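Each chain is listed here by its residues.
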Amino acid sequence: MLTTSPTSPTTAPTVRGGNILSMLSAMGAFRPMGERILQDHGIAFVSPDAWYDLASYALALRTIATRMGANTLFMIGKEIPNHIDLPPGLDRFEVVVGSFGPAFAMNHRGAGAGGITYEVTGDWTGRIVSATPYPCDFDRSVITGFFEKLLGARMRVAHDAFGPCKKRGDATCLHIVSRASAS
Ligand SMILES: [Zn+2]
């Protein structure tokens with residue numbers, strides 16, 4: 001007997017609408033421009049619990065970076081934690097550094113944990129590898145924002161300059177996380 005599965009392998013990866021709405025809220029005054037760019041990529045009337053094509057959303061973020069600058073996209077990503085309900089218990093470096101893969105898995109379908117892996121390399125230092133479809137400036141800004149919001153500390157998240165980069169067509173980017181000096 002033939003059966004159809006709702007999770008057939010041909011199903012394209014999707015992102016939860018709530019994620020998109022948090023990004024739009026984080027845009028502040030730029031929100032109307034963000035909504036127009038999303039609409040250009042076929043994403044409109046976003047509802048928090050609906051699911052949207054991930055590739056289209058990632059392309060929209062790339063368009064935002066092209067039109068508004070990578071720095072603006074970085075500022076938007078960093079603001080996102082101020083526009084979502086944060087789960088309790090994320091209050092130590094070792095816990096936060098490991099939370100990005102599970103968080104991605106919860107907010108996306110058909111894309112696993114986004115190829116996000118991590119390693120704690122010392123006291124308040126670690127490495128996060130990301131293979132999400134998102135621009136790496138966006139990944140880096142979201143990571144920075146979550147660390148700072150959850151731990152209340154200034155953090156430095158630096159893209160490894162010598163390794164692979166999604167911008168050059170590689171599968172992953174590596175981000176090196178450390179606590180920013182107080183001075
Ligand atoms: Zn990169």
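Position labels on residues start from 1 in each chain and follow its written sequence. This being a predicted model, a pLDDT of at least 70 is required before a residue's local features are given, and a value of 80 or more before pairs of side-chain atoms are given or counted; all residues contribute to the totals for chains, interfaces and linings.

Caption draft 1: Structural view of the overall build of the protein. Strands here are runs of E lasting at least two residues and helices are runs of H or I lasting at least four, both read from the DSSP assignment and numbered beginning at the N terminus. Looking only at helices and strands, one finds seven helices and seven strands in the protein. Shown N-terminal to C-terminal, the secondary structure of the protein runs as helices and strands in the order β-α-α-β-α-α-α-α-β-β-β-α-β-β. For 183 residues, the compact-globule estimate of 2.2 N^0.38 gives 16 Å, and the C-alpha radius of gyration of the protein, at 17 Å, lies within 12% of that figure. Projected onto its principal axes, the C-alpha coordinates of the protein cover approximately 60 × 45 × 35 Å. Values of the radius of gyration come from C-alpha atoms, whereas the globule rule sets the reference at 2.2 Å times the count of residues to the power 0.38.

Caption draft 2: View of the packing of helix α2 (residues 31-40) against helix α3 (residues 54-68). Orientation is described by axes fitted as lines to C-alpha atoms, over the contacting stretch for helices, and by angles from 0 to 180 degrees between their N-to-C directions. Two numbers describe how α2 lies on α3: the axes approach to 9 Å, and their chain directions differ by 135 degrees. It follows that α2 is oblique to α3 by the angle criterion. The element α2 and its partner α3 pack so that their crossing is right-handed. On the side of α2, the interface is formed by Gly34, Ile37 and Leu38, while α3 contributes Ala60, Thr63 and Ile64. Any angle between 65 and 115 degrees counts as roughly perpendicular, while under 35 counts as roughly parallel, over 145 as roughly antiparallel, and the rest as oblique. For any pair of crossing helices, the crossing counts as left-handed if the nearer helix is rotated counterclockwise from the farther one by less than a right angle, and right-handed if it is rotated clockwise. Here the contact rule is simple: place C-beta atoms from the backbone, and any two residues whose C-beta atoms are within 7 Å are in contact.

Caption draft 3: Highlighting the nonpolar core. Joined through C-beta atoms within 7 Å, a set of buried Ala, Val, Leu, Ile, Met, Phe, Trp, Tyr and Cys residues constitutes a nonpolar core. Backbone-placed C-beta atoms define the burial measure: a residue is buried with 20 or more other C-beta atoms within 10 Å of its own, exposed with 12 or fewer, and partly exposed in between. One finds Tyr57, Leu61, Ile128 and Ile143 to be the most contacted residues of the largest nonpolar core, which totals 33 residues. Per the annotation, domain bounds derive from an automatic or database assignment of domains. Among the domains, domain 1 (14-82) and domain 2 (87-179) are the pair contributing at least three residues each to this core. Setting aside chain neighbours within four positions, we find Leu61 in contact with Leu73, Tyr134, Pro135 and Phe138.

Caption draft 4: Main features of the pairing of strand β4 (residues 117-122). The sheet contact formed by β4 and strand β5 (residues 125-130) spans five bridges and is antiparallel. When the bridges of β5 are listed, Tyr118 appears paired with Ile128. Two strands form a pair only when DSSP identifies at least two bridges running between them.

Caption draft 5: Summary view of the sheet that holds strand β6 (residues 155-159). Reading across from one edge, β4-β5-β7-β6 is the order of the four strands in this open sheet, with antiparallel pairing throughout. The open sheet terminates on both sides in strands that have one partner only, identified here as β4 and β6. Adjacent strand axes in the sheet meet at a mean angle of 20 degrees when their direction is disregarded. Packing against the sheet, helix α7 (residues 136-151) makes contact with β5, β6 and β7 (173-179), and its axis sits at approximately 160 degrees to β6.

Caption draft 6: Representation of the pairing of β7 within the structure. The pairing of β5 with β7 spans five bridges and is classified as antiparallel. Bridge pairing in β7 places Ile128 opposite His175. Bridging between β6 and β7 involves five bridges; their strand directions are antiparallel. Among the inter-strand pairings, Met155 is bridged to a residue of β7, identified as Arg179.

Caption draft 7: Examining the environment of Asp91 more closely. Within the element layout of this structure, Asp91 appears in the loop between α4 (70-79) and α5 (93-96). Taking C-alpha positions, Asp91 is 6.0 Å from Leu150, a pair spaced 59 residues apart along the chain.

Caption draft 8: Molecular detail of the domain arrangement of the protein. On domain assignment, one finds that the protein holds domain 1 (14-82) and domain 2 (87-179). On a C-alpha basis, the centroid separation for the pair domain 1 and domain 2 is 19 Å. If you look at the interface, domain 1 gives 20 residues, while domain 2 gives 16 residues. Those elements that provide at least two residues to the side of domain 1 that touches domain 2 are β1 (14-16), α3 and α4. When residues are sorted by character, Ala, Val, Leu, Ile, Met, Phe, Trp, Tyr, Cys and Pro go into the nonpolar class, Asp, Glu, Lys and Arg into the charged class, and all the rest, Gly among them, into the polar class. Its residues placed into classes, the side of domain 1 that touches domain 2 shows twelve nonpolar, four polar and four charged.

Caption draft 9: Representation of unusual backbone geometry in the model. Although it is not a glycine, Phe45 sits at a positive phi angle of roughly 50 degrees. Tracing the backbone shows Phe45 in the loop between α2 and β2 (51-53). Phe45 sits in the exposed class, given 8 other C-beta atoms within 10 Å. Phi is positive for Trp124, close to 65 degrees, though the residue is something other than glycine. Mapped onto the secondary structure, Trp124 falls in the loop between β4 and β5. When the 17 C-beta atoms within 10 Å are taken as the criterion, Trp124 is described as partly exposed.

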